[in-house]
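# Coordinates in review
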Amino acid sequence: MSNSRKYTDSGIEIKPVYTAADIPTSAPAIPGEFPFTRGVQPDMYRGKLWTMRQYAGFSTAEESNKRYHYLLSQGVSGLSVAFDLPTQIGYDSDHPLAEGEVGKVGVAIDSLEDIQTLFNGIKLEEVSTSMTINATGYILLAFYVALAKQQGADLKKITGTIQNDILKEYAARGTYIYPPKPSMRIITDIFEWCSQEVPKWNTISISGYHIREAGSTAVQEIAFTLSNGKAYVEAALKKGLDINIFGKRLSFFFNAHNNLFEEVAKFRAARKMWAKIMKDLGATDPKSMMLRFHTQTGGSTLTAQQPLNNISRVTVQTLAAVLGGTQSLHTNGYDEALSLPTEEAARIALRTQQIIAFESGAPDTVDPLAGSYFVESLTNEVETSAWKLIEKIDAMGGSVSAIEQGFIQNEIARSAYEYQCNIESGEKIIVGVNKFQANDEPSIPGFRINDNIRTVQSEKIIRLKCNRSHSKCDQLLQLLNDKATCGENIMPVVVEAVENKCTLGEIADTLREVYGEYKQ
């Protein structure tokens, strides 16, 4: 590329100036109306601000509970739970493969007792909780519902989200357990069960975030995410579920990077595209065509060099999410390229959202960048490029086939390589990394986690197993095996199993026996 030409990170050329001739000729969309390009609500943030979440979880349930109470005291309006790797891939903390990972990148959850501790002093009927969990999402949902029942909560009022997006795990992240087809079956079991038992629960958060973190472009992020969403909808339709019912409980999870205008265009294009996908699949209720999404600022954009610069990056990304119409937002701590966020970093990240909300004026009108020659043109360009990718995936038989053939993984890897080459050549400037470096950077104190967490958790498991009915647990685990084998909905027996003190690892292992494990 010559220096005289400018491109977005998706390779879309940016003109020196835009005019009315660059705006698509179609009639301007109205906020809250199909295809929702300008937002899913007619009044957007004038009616209700986005939910301010802070993603948190580390060490034991006791330690994470303290952080949740701190965040609630500082003004968060929803909780967002990070789980450690053993929890994510279905191993109890005392399993040999869990060694060295317990409580490190999230909180360790082995049983209902851990969930009771995690939410101690927090009424589930009064808080919206997002849980970043996929392969074991069905178990964590069961823990949460069991705790809500113990609290006497009305399950019809419980709100929150489980990520529950296994396809992006195969494509980008790697915390899968079972092969794709049985994993899809578990997800549709959750759709079906939640529509009856916890109707306000968002049963899936179809995630572009990790696709972007793995190195995709903005265009690839929405193309691959919407293709995955289409696969989930088609699986639910094959199960006989009503698209106008389960469609309302689908949500999405996107990344926000530093190119402000491309990110805004991405969010606007994604809403328009999803509305068309759902309409083409048979949705008739406008609410089932709405793309509602949570945003997290870009973890991969944070730098270990001059980490205080990350506060500015997160501010730009927060603006992109708000100007793009997010329903929920987590802002990263400036120190997260070095460690889990300290309390100070988490507070500054939350204050960034609050300053945008209450001081910037950005939420005062709906879709404030609408009508911009540049943004409208870029929205159209992003949409056109994303449709081309979706058409390629459709030609392969959909997302599951495209993942099995390695297409999505290879596209992400190619983009990640090209981006890194551009940084190393200096064509892409990262402030403080390949330009404007500093030789006298002050050290930033990182967040430290105790090394004895596995011992603590293992002792809890021993006590749990000494105080339960082994015959009842064996009976329920066998029943789970039977239900999974014959194709019945597994959720009722999973809830009963956790209520009777079966552990996460025992439940995950039971389905390993039925479904096997996925090997790439």
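This write-up is about the structure you can find in this document. From a predicted model like this one, the values you see are computed outputs, not experimental measurements.

### Side note on unusual backbone geometry
- Cis geometry marks the peptide bond from Phe34 to Pro35; its omega dihedral reads 5 degrees.
- Residue position: Pro35 is located in the loop between β2 (13-14) and β3 (51-56).
- Positive phi, normally seen in glycine, also occurs at Phe36, with a value near 65 degrees.
- With respect to the helices and strands, the residue Phe36 is situated in the loop between β2 and β3.
- Among the residues examined, Phe36 registers a relative accessible area of 1% and is labelled buried.
- Unlike most non-glycine residues, Lys501 shows phi in positive territory, near 75 degrees.
- For Lys501, the position within the fold is in the loop between α18 (491-499) and α19 (504-515).

### Quick look at the state of the cysteines
- As enumerated under the stated definition, the model contains 0 disulfides in all.
- As a non-bridged cysteine, Cys194 has Cys502 as the owner of its nearest cysteine sulfur, 20 Å distant.
- A residue is classified by how much of its surface remains accessible, and Cys194, at 1% relative accessible area, is buried.

### A look at the pairing of strand β8 (residues 204-207)
- Burial along β8 is two-sided: the residues Ile204 and Ile206 and Ser205 and Ser207 are all buried.
- In terms of strand pairing, β8 meets strand β9 (residues 250-256) through 4 bridges, oriented parallel. Within the sheet, the bridge partner assigned to Ser205 lies in β9 and is Ser251.

### Focus: the nonpolar core
- Core analysis: the largest hydrophobic core is formed by 140 residues, its most contacted members being Phe119, Tyr138 and Ile507.
- Ignoring any residue separated from it by four or fewer positions in sequence, one finds Phe119 in contact with Asn65, Leu79, Val81, Leu124, Thr129, Tyr144, Leu147 and Gln151.
- With 6 residues, the next largest nonpolar core counts Phe58, Val102, Ala108 and Ile453 among its residues.

### What to know about the packing of helix α4 (residues 137-150) against helix α6 (residues 180-197)
- Relative to each other, α4 and α6 sit at 25 degrees, their axes nearing to 11 Å. Taken together, the axis directions place α4 and α6 in an arrangement best described as roughly parallel. For the pair α4 and α6, the contacting residues are Tyr138, Leu141 and Val145 in the first and Ile186, Ile190, Trp193 and Cys194 in the second.
- Counted by class, the contact of α4 with α6 contains 7 nonpolar, no polar and no charged residues.

### Observations regarding the pairing of strand β5 (residues 129-132)
- The side-chain alternation of β5 yields two buried faces, one formed by Thr129 and Met131 and the other by Ser130 and Thr132.
- As paired elements, strand β4 (residues 78-82) and β5 share 4 bridges and run parallel to each other. Each bridged residue has a counterpart across the sheet, and for Ser80 the counterpart in β5 is Ser130.
- With α4 bridging β5 and the parallel strand β6 (residues 160-162), this β-α-β connection has right-handed handedness.

### Comments concerning the environment of Asn481
- Inspection of the secondary structure puts Asn481 in helix α17 (residues 470-486).
- In this structure Asn481 comes out as buried when scored by relative accessible area, which is 17%.
- As for Asn481 and Thr510, which are separated by 29 residues in sequence, their C-alpha atoms are 6.1 Å apart.
- Ignoring any residue separated from it by four or fewer positions in sequence, one finds Asn481 in contact with Thr510, Glu513 and Val514.

### A short note on the packing of aromatic side chains
- Scanning all chains against the criterion turns up 18 aromatic pairs.
- Judged by centre distance (5.0 Å) and plane angle (75 degrees), the rings of Tyr45 and Trp50 are edge-to-face.
- What makes Tyr45 buried here is its relative accessible area of 10%.
- For the pair Phe119 and Tyr144, a centre-to-centre distance of 5.4 Å together with 85 degrees between the ring planes defines the contact as edge-to-face. Residue Phe119 is located in the loop between α3 (112-118) and β5, and its partner Tyr144 is located in helix α4; the two are separated by 25 residues in the primary sequence.

### Details of the sheet that holds strand β7 (residues 201-202)
- The parallel open sheet is built from 9 strands, whose spatial order is β7-β6-β5-β4-β3-β11-β10-β9-β8. Two strands bound the open sheet, and with one partner strand each, they are β7 and β8.
- In this sheet, β6 lies alongside β5 in parallel orientation, the contact comprising 3 bridges. Considered in β6, the bridge of Ser130 is made with Thr161.

### What about the pattern of salt bridges?
- Considering all chains together, one arrives at 31 salt bridges under this definition.
- The residue Lys168 makes a salt bridge to Glu169 at a minimum N-O spacing of 2.8 Å.
- Its relative accessible area of 1% is what places Glu169 among the buried residues.
- The partner of Glu221 in a salt bridge is Arg212, and the shortest N-O contact between them spans 2.8 Å.

Rules of the game
Residues numbered from 1 in each chain as written. Predicted model: local features only at pLDDT ≥ 70, side-chain atom pairs only at ≥ 80, totals over all residues. Heavy atoms only, no water. Helix = DSSP H or I, 4+ residues; strand = E, 2+ residues; numbered from the N terminus. Buried < 20%, exposed > 50% of the residue type's maximum accessible area, 1.4 Å probe, protein only. Disulfide = S-S within 2.5 Å. Pairing = 2+ DSSP bridges. Core = buried A, V, L, I, M, F, W, Y, C linked by side-chain atoms within 4.5 Å. Contact = heavy atoms within 4.5 Å. Axes fitted to C-alpha atoms, helices over the stretch in contact; angles between N-to-C directions. Parallel < 35°, antiparallel > 145°, perpendicular 65-115°, else oblique. Nonpolar A, V, L, I, M, F, W, Y, C, P; charged D, E, K, R; others polar. Right-handed = clockwise from strand over helix to strand, strands pointing away. Phe/Tyr/Trp six-rings, centres within 6.5 Å; stacked < 30°, edge-to-face > 60°. Salt bridge = Lys/Arg side-chain N within 4 Å of Asp/Glu carboxyl O.

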